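Residue-level listing of the chains:
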Amino acid sequence: MNATVVGLVTPHLLRVVDLANEAEKGVNVDWHVRDAVSRSMAELGDQYNAADLVTSFIDGLENAAAQAPKARMLYAGALRSAAEAARRLRRD
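The structure displayed is predicted, hence computed values, not measured ones. (Residues numbered from 1 in each chain as written. Predicted model: local features only at pLDDT ≥ 70, side-chain atom pairs only at ≥ 80, totals over all residues. Heavy atoms only, no water.)

Novice: Looking at this structure, I do not really get the pattern of salt bridges. What am I missing?
Specialist: Opposite charge on two side chains makes pairing possible when the charged atoms of those side chains draw close. Per the counting criterion, the structure on display carries 3 salt bridges. With its nearest N and O atoms 3.1 Å apart, the salt bridge here joins E22 to K25. In this structure K25 comes out as exposed when scored by relative accessible area, which is 63%. Between E62 and R87 there is a salt bridge whose closest N-O contact spans 2.1 Å. Of this pair, E62 sits in helix α3 (residues 50–67) while R87 sits in helix α4 (residues 73–89), and the two are 25 residues apart along the sequence. For E62, a relative accessible area of 34% translates into the label partly exposed. The partly exposed category is assigned to R87, whose relative accessible area is 37%. (Salt bridge = Lys/Arg side-chain N within 4 Å of Asp/Glu carboxyl O. Buried < 20%, exposed > 50% of the residue type's maximum accessible area, 1.4 Å probe, protein only. Helix = DSSP H or I, 4+ residues; strand = E, 2+ residues; numbered from the N terminus.)

Below, the structure is given as structure tokens:
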């Protein structure tokens, strides 16, 4: 079975989206978001197509933040923070 970019990246995105939903409820998720992004970047970075996976992960986080309703500022902020952390960790 061949793994697709979407199949490899989606679980990582969903993990961060779940944390962003918790942030919206008032939970302090900063450490958890940084940890999830760090783990995701390490796992994705070990794949043969790491550059594509990492780019897709960051794009997915940015798109989710951009599409968030204006009223969900904490949710969108957590996603933007995750995208920024992923960009800092990118291995180019």
